[in-house]
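Working through the structure, step by step
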Amino acid sequence: MDNKNTSKNKGGLKGFLKSRKARYGAAATAILLITVALVIVLNIVVGMLVERFPNLKLDLTANKAYELQDDTVDYMSHLTKDVNLYILSTEDKFVGNGEYFVQAKNLLEKIESSSDGKLKLQYIDTTSNPGFTQKYPNVDWDSSKNLAIVECGKQYKSLTLDECFEYDQEYAASYGYYDFTGTTIEQAVVTAVLNVTTDDKIIADILTGNQEADYSAVSTLLNNNAYQVNEISLLTADIDADAKFLLLYAPAVDFDDDAIQKISNWLDNDGKYGKTLIYIPSATNTNTPNLDAFLEEWKLTLSEGYVFETSSDHLLNGVSEFAFLTDYSDYYTENLKNPDIPVVTMQSRGITIGDESTAHALLSTSDKAGIMPYEPAEDWDYNDAITGKAIPVAAESVKSGNEAESKLIVFGSEYMFRENFLSINSFNNSAFLINIFNTIGDKDDDSVTIESKSLESTELGITDASTAAVMFVVFSIVIPVAVLVVGLIVWLRRRNK
């Protein structure tokens, strides 16, 4: 009995192995194993390729949080000097600080990849390599915020946590906890590379001592674009003879006669000219008779009131008529990367040009603008102030010598160069100002202005209805139907065999 059962079982096993079901099952298992193996191999290969070429990584976030901006790729791809980028941490510790550092690591790898081998990214643990810090004596090594060193030859620049990331600094100071909200490391690294690869920096002096408004945003912009910015008080020093530019940023106190004479002498430059003064008046109604008389010598006069705009295509949505888009003239627009982007101004004074043979507008309103006096009369009507002519809100006056020209450039508003306007890429305020400096300084336009990157929006970047409809059809109809059809075909073929 046992022998019969054993023979039967063996025969049953042999029979099963020879059956059609076993053959198809074995084939299906083999196909599954091969497919899994191919997926694993493909994943390994793709991982190796992405590690070797970081730009192969796809960014599906709506705000492209992991993608370099075009300015960065363009600049880094034309880099001609060897640059070292040292992150002052181990790689594990760096990314262990949170998602924004993971994002920063991805951006840094893409910057390195975009440089075609000119920039080398390295992680340096200064605690286990203390001798590294001795090579950079100008860095404040007592600070806990040092994040990176960018080096080219003998030039180097340190980058801090504040320059590379956005966070609530008051909260961090009070509680010792960093709540990061954005990444600015792309801008910080690229502008640092621009600085260390520029050998002869053009000097720009900023005059201080007359209760100037906060000019830190302009100073940072110039520093980031490889200008040497010096702060000079005419009470204790003279303007640098080698300075190409001089900036008067919204002084609340008038300059005395001696200071005005020093400025005039510097512009004259012993008859050689070649100097440029940029004057931005205070937004407040300040009494500056000496500065006003100086401007009149250059055939420029500032209005006693603020410019308002009524043209709907110049006004900013949700903002008053004193904040508006301006129109370019034919000056300093040739090298703008995108001249279709406007410059915005706010609470600006108008500029009257007294001699059009030596002076001209740079930025103007529409022909539907006017000027409201500082203290309008009770019966003042804005309609009466609209003359039907464009009002200059930025102008330039030129004095020529045998060898060169000296220029006085006046902007009617200090607000147009505040941080909130300079940092927005949808306005051309920073690009236009830097283009003026680069054009006059005969400097290549390598300016790079990059917005911070936030991880708050992580959904797929599908914003238009047509793309959304296509995605819906593909994933909700095409793929399910395809799977159903393939399954039906396989089932019918097996049934009929």
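Residues numbered from 1 in each chain as written. Predicted model: local features only at pLDDT ≥ 70, side-chain atom pairs only at ≥ 80, totals over all residues. Heavy atoms only, no water.

Along its length, the protein chain carries 15 helices and 19 strands. Per-residue burial for the protein chain yields a buried fraction of 42% across its 497 residues. Nonlocal contacts in the protein chain, meaning residues at least 24 apart in sequence, comprise 72% of its contacts between residues at least 6 apart. By element, 53% of the accessible surface of the protein chain is carried by carbon and sulfur atoms, the whole surface being about 27,200 Å². (Helix = DSSP H or I, 4+ residues; strand = E, 2+ residues; numbered from the N terminus. Buried < 20%, exposed > 50% of the residue type's maximum accessible area, 1.4 Å probe, protein only. Contact = heavy atoms within 4.5 Å. Areas by Shrake-Rupley, 256 points an atom, 1.4 Å probe, with all protein chains shown as cover.)

Time to look at the pattern of salt bridges. When the charged atoms of two side chains with opposite charge come close together, those side chains can pair. Taken as a whole and assessed by the stated rule, the structure comprises 12 salt bridges. Here K105 makes a salt bridge to E109, at a shortest N to O gap of 2.6 Å. Taken as a pair, K105 and E109 lie in helix α5 (residues 99–114) at a separation of four residues, close to a single helical turn. In this structure E109 comes out as buried when scored by relative accessible area, which is 11%. Residue R349 pairs with E304 through a salt bridge whose shortest N-O separation is 3.9 Å. You can see R349 sitting in strand β15 (residues 349–353) and its partner E304 sitting in strand β11 (residues 300–309), a full 45 residues away along the chain. A network of salt bridges, in which partner residues are shared, links E91, K105 and E109. (Salt bridge = Lys/Arg side-chain N within 4 Å of Asp/Glu carboxyl O.)

What follows is about a nonpolar patch on the surface. On the surface, a cluster of nonpolar side chains totalling about 390 Å² of accessible area is made up of Y171, Y175 and Y177. Along the chain, Y175 turns up in helix α7 (residues 169–175). For Y175, a relative accessible area of 62% puts it in the exposed group. (Patch = residues over 30% accessible without salt bridge, like charges linked within 9 Å, V, L, I, M, F, W, Y side chains within 5 Å.)

As a further point, take the packing of helix α10 (residues 257–268) against helix α11 (residues 289–297). Between α10 and α11, the shortest axis-to-axis distance is 10 Å and the interhelical angle comes to 25°. Taken together, α10 and α11 sit at an angle that is classed as roughly parallel. The two elements α10 and α11 cross, and the hand of that crossing is right-handed. Taking contact as the criterion, the partners of D257, I260, I263, S264 and L267 in α10 are, on α11, N290, L291 and F294. When grouped by side-chain class, the residues that make up the contact of α10 with α11 number five nonpolar, two polar and one charged. (Axes fitted to C-alpha atoms, helices over the stretch in contact; angles between N-to-C directions. Parallel < 35°, antiparallel > 145°, perpendicular 65-115°, else oblique. Left-handed = near helix turned anticlockwise from the far one by under 90°. Nonpolar A, V, L, I, M, F, W, Y, C, P; charged D, E, K, R; others polar.)

As a further point, take the nonpolar core. Most often, soluble globular proteins have nonpolar side chains that are buried together. The biggest cluster of nonpolar side chains holds 39 residues, and the ones touching the most others in it are Y249, F411, F417 and F432. With six residues, the single largest contributor to this core is helix α14 (residues 429–440). V83, L119, Y167 and A192 belong to the second largest nonpolar core, which has 36 residues in total. (Core = buried A, V, L, I, M, F, W, Y, C linked by side-chain atoms within 4.5 Å.)

The next subject is unusual backbone geometry. Positive phi outside glycine occurs at N269, with the angle close to 55°. With respect to the helices, strands and loops of the structure, N269 is situated in the loop between α10 and β10 (276–280). In this structure, D442 is a non-glycine residue whose phi angle is positive, near 55°. Turning to its location among the elements, D442 is positioned in the loop between α14 and α15 (465–496). A relative accessible area of 72% means that D442 is categorised as exposed.

The next point concerns the sheet that holds strand β16 (residues 359–364). Taken in spatial order, the eight strands of this open sheet run β8-β7-β9-β10-β19-β18-β16-β13, and their pairing is mixed. Across the chains shown, the open sheet's two edge strands, defined by having one partner strand only, are β8 (227–233) and β13 (327–328). The pairing of β16 with strand β18 (residues 392–400) spans five bridges and is antiparallel. Along β18, the bridge assignment pairs L363 with A394. (Pairing = 2+ DSSP bridges.)

Let us now look at the sheet that holds strand β3 (residues 146–152). Overall, mixed pairing links the four strands, which are arranged β2-β1-β3-β4 in an open sheet. A single partner strand is all that each edge strand has here, and the edge strands are β2 (119–123) and β4 (155–160). Taken pair by pair, the neighbouring strands of this sheet meet at an average axis angle of 20°, ignoring direction. Taken together, the four bridges between strand β1 (residues 83–87) and β3 define a ladder with antiparallel strand orientation.

So, about the packing of aromatic side chains. With the rule as written, the count across this model stands at 23 aromatic pairs. Note on F132 and Y136: the rings are 5.2 Å apart at their centroids and 55° apart in plane angle, and the pair reads as tilted. Taken as a pair, F132 and Y136 share a single burial class, namely buried. For the pair Y167 and F180, a centre-to-centre distance of 5.7 Å together with 70° between the ring planes defines the contact as edge-to-face. Here the residue Y167 occupies a position in strand β5 (residues 165–167), and F180 occupies one in strand β6 (residues 180–183), the gap between them amounting to 13 residues. Note on accessibility: Y167 and F180 belong to one class, buried. Put simply, the rings of F94, F101, Y123, F165, Y167, Y178 and F180 pair up and form one aromatic cluster. The ring of W298 carries the charged tip of K399 above its face, separated from the ring centre by 4.4 Å. (Phe/Tyr/Trp six-rings, centres within 6.5 Å; stacked < 30°, edge-to-face > 60°. Lys NZ or Arg CZ within 6 Å of the ring centre and 35° of its normal.)

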